[in-house]
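Descriptive structure summary
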Amino acid sequence: MKGTAEIERIVDLFATNRDGTGMDAAEAIAWMLAADVDQMTDAAAAIRDDGHGSIVSYSRKIFIPLTQLCRDVCHYCTFARPPRKDEAAYLGIDEVLRIAEAGREAGCREALFTLGDKPENRYRVARDQLAAMGHETTLSYLAYCAERVFEETGLLPHVNPGLMTPTDIAALRDVSVSQGIVLESVSERLAAKGGPHHGSPDKVPARRLETIQWAGENAVPFTSGILIGIGETRRERVESLLALRRLHAAHGHIQEIIIQNFRPKADTRMRETPPASLDELVWTIATARLLFGPDMNIQAPPNLSPGSLPRLVKAGINDWGGVSPVTPDHVNPEAPWPHLDALERATAAAGKSLTQRLAIYPAYTRDPARWVSKRFHQALLDTVDAAGFPRDDGWQPGQTEAPPRLVTIVGRKPGVRDGRTMEIIERALDGVTPTEQDMVRLFNARGDDFAAVCEAADSLRKGIVGDDVTYVVN
């Protein structure tokens, strides 16, 4: 562990990154490439704690593989595949709704649509099935399915449709709460002959950045990120993250950055390519946190790094992404999702509390008029609490039925607690009035942090009035 002064120096170096400014590109790249990884992770964890405290979130979701046909031929992918005899090009709407209903019954709140990119531009079978269903494009059918899923199950749709035009983005914004496309890399050489993106027109970096920019112009809460271990350099990773940071600084729409590590798969051209090491993954996560600052949501999929989850938390993540209790990871079918109780234990081992979120993050749920279609406003307001996370009970103020029974707080054995929250509590107990920022942190306390706030308040109450509770007859 590095000294506090050294960590504070590094944190200060990147402190202006809340608004996407700060170090220029050349300075950031030079620093990252020369930095000690332990220094980076210590600083990244401190920055993450400033923005997210003890919370590490995840989304309980259902995965709907609308079509596995794709016009691209990425040489590491097993999700996309050519047409198979007697197999439909797309899931029918009845199957889509069946999967969604199974997710709803299992407590999911998000429907994630995964699909190949514009297969109708390559395969006649895709064009024929779309025509038979009354659609000209995959994106038109996607919009129809997303709308039906929300109307009939209440699950909030998130869509990953590949490259889009501004018109496509606007149409999908009306039927989904969030969208996404992983940049993967800004390296154009990866699309050259022999590279992993050769023959994949939708992986041209400029076109993917253009789609992300248009999403910002349309005020769409957006997911992006990078894929590491496919032949890119560390410098190219930093350049990719800086490109995303510039777009986010302009529009404020990138709600999460995924750092996804490549895993070699049988039956692909890159089956002999070694995956990125854990050290490389940790370095990249810390880099992302340092560049994006405390408020960004940095995510690493838990099923791609089994046994190493506490180290990923130490590197600066605050989110595990989507975890499904029903469907597999269709992009990485060889890597099963961890059971939620195991994920909770691993998160606790890293000193954090696991908290469920929606497909749209709290910062965006608190401003629905700006960020989502009016169709979803009431559903979001009914679903989330004041902090923007999903409610875990159905009670609301003003209702006549009894509120839910609370857990016992006084005398509860402490578990995971946020150090900064505890500092605020200790100062308050010593008579120091909390600042506005302190009070915001206290109001957002969850889990054992919430218990600590209640215990401190109970202690203050007892010191002032003892155990008397008064009332007035009026």
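Let me sum up the structure you'll find in this document. (Residues numbered from 1 in each chain as written. Predicted model: local features only at pLDDT ≥ 70, side-chain atom pairs only at ≥ 80, totals over all residues. Heavy atoms only, no water.)

**What about the overall build of the protein chain?**
On a plain count of helices and strands, the protein chain comes out with 18 helices and 9 strands. Its C-alpha atoms give the protein chain a radius of gyration of 23 Å, near enough to 23 Å, the size a compact globule of 474 residues would have. Summarising its shape, the C-alpha atoms of the protein chain cover approximately 80 × 55 × 40 Å along the three principal directions. Counting the 474 residues in the protein chain, one finds 51% classified as buried. Pairs at least 24 residues apart make up 76% of the contacts formed inside the protein chain by residues separated by at least 6 positions. Summing over all exposed atoms, the protein chain offers an accessible surface of approximately 21800 Å²; the carbon and sulfur share of this is 52%. (Helix = DSSP H or I, 4+ residues; strand = E, 2+ residues; numbered from the N terminus. Rg over C-alpha atoms; globule rule 2.2 N^0.38 Å. Buried < 20%, exposed > 50% of the residue type's maximum accessible area, 1.4 Å probe, protein only. Contact = heavy atoms within 4.5 Å. Areas by Shrake-Rupley, 256 points an atom, 1.4 Å probe, with all protein chains shown as cover.)

**Quick word on unusual backbone geometry**
Positioned with a positive phi, K118 is a non-glycine residue whose angle comes to about 45 degrees. Position of K118 relative to the elements: it lies in the loop between β2 (110–115) and α5 (124–132). Classification of K118 by relative accessible area gives buried; the value is 17%. At D267, a residue that is not glycine, the phi angle is positive and equals roughly 65 degrees. In this fold, D267 is placed in the loop between β6 (254–261) and α10 (278–292).

**Quick notes on the nonpolar core**
Grouped together as the largest cluster of nonpolar side chains are 86 residues, with contacts concentrated most on F113, I259 and W320. Considering each element in turn, this core owes the most residues, 9 residues, to α10. The residues touching I259, leaving out its near neighbours within four places in the chain, are I226, I228, L241, L281, T284, I285, A288, I298, Q299, A300 and P301. Core analysis: the second largest hydrophobic core is formed by 15 residues, V177, Y361, F376 and A379 among them. (Core = buried A, V, L, I, M, F, W, Y, C linked by side-chain atoms within 4.5 Å.)

**Here's the deal with the pairing of β6**
Burial within β6 is extensive, with 7 of its 8 residues counted as buried. In the sheet, strand β5 (residues 222–228) pairs with β6 via 7 bridges, with the strands oriented parallel. Note that in β6 the partner of G225 across the bridge is I258. Remark: the β5/helix α9 (residues 234–251)/β6 crossover connection has right-handed handedness. In this sheet, strand β7 (residues 297–299) lies alongside β6 in parallel orientation, the contact comprising 3 bridges. Looking at the pairing, I258 lines up with Q299 of β7. Assessed by its sense of winding, the connection that carries the chain from β6 through α10 to β7 is right-handed. (Pairing = 2+ DSSP bridges. Right-handed = clockwise from strand over helix to strand, strands pointing away.)

**Regarding the pattern of salt bridges**
Working definition: two side chains of opposite charge can pair if their charged atoms are close together. With the rule as written, the count across this model stands at 26 salt bridges. R104 is the partner of E101 in a salt bridge, and the nearest nitrogen-oxygen pair spans 2.5 Å. With E101 and R104 both in helix α4 (residues 93–105) and 3 residues apart, the pair spans about one turn of that helix. The closest approach of N and O atoms between E147 and R375, which form a salt bridge, is 3.3 Å. You can see E147 sitting in helix α6 (residues 138–153) and its partner R375 sitting in the loop between α14 (368–371) and α15 (377–383), a full 228 residues away along the chain. For E147, a relative accessible area of 27% puts it in the partly exposed group. The structure contains a network of salt bridges with shared partners spanning E232, R234, R237 and E280. (Salt bridge = Lys/Arg side-chain N within 4 Å of Asp/Glu carboxyl O.)

**Some remarks on the pairing of strand β8 (residues 319–323)**
For β8, a buried count of 5 out of 5 residues is recorded, marking the element as mostly surrounded by other parts of the structure. Bridge analysis of strand β1 (residues 55–67) against β8 gives 3 bridges, and the strand direction is parallel. Residue pairing across strands places S59 opposite G322, the latter belonging to β8.

**Quick word on the packing of aromatic side chains**
Summed over all chains, the structure comprises 5 aromatic pairs. Measuring from centroid to centroid gives 6.4 Å for Y76 and F262, while their planes differ by 75 degrees, and the two rings are edge-to-face. Of this pair, Y76 sits in the loop between β1 and α4 while F262 sits in the loop between β6 and α10, placing them 186 residues apart in sequence. You can call Y76 buried: its relative accessible area is 9%. (Phe/Tyr/Trp six-rings, centres within 6.5 Å; stacked < 30°, edge-to-face > 60°.)

**Quick word on helix α16 (residues 419–429)**
Turning to α16, its buried residues are T421, I424 and I425. What you see down the axis of α16 is that its buried residues fit within an arc of 95 degrees, all on one side. Phi for G431, located one or two positions after α16, is positive at around 95 degrees. (Arc of directions from axis to C-beta.)

**Brief notes about the side chain of E232**
Positionally, E232 belongs in the loop between β5 and α9. One polar contact links E232 to R237, side chain to side chain, over a distance of 2.8 Å. If near-sequence neighbours (up to four positions away) are discounted, E232 is found in contact with S185, R189, L190, L227 and R237. (Polar contact = N/O pair within 3.5 Å; in protein donor to acceptor, adjacent residues only side chain to side chain.)

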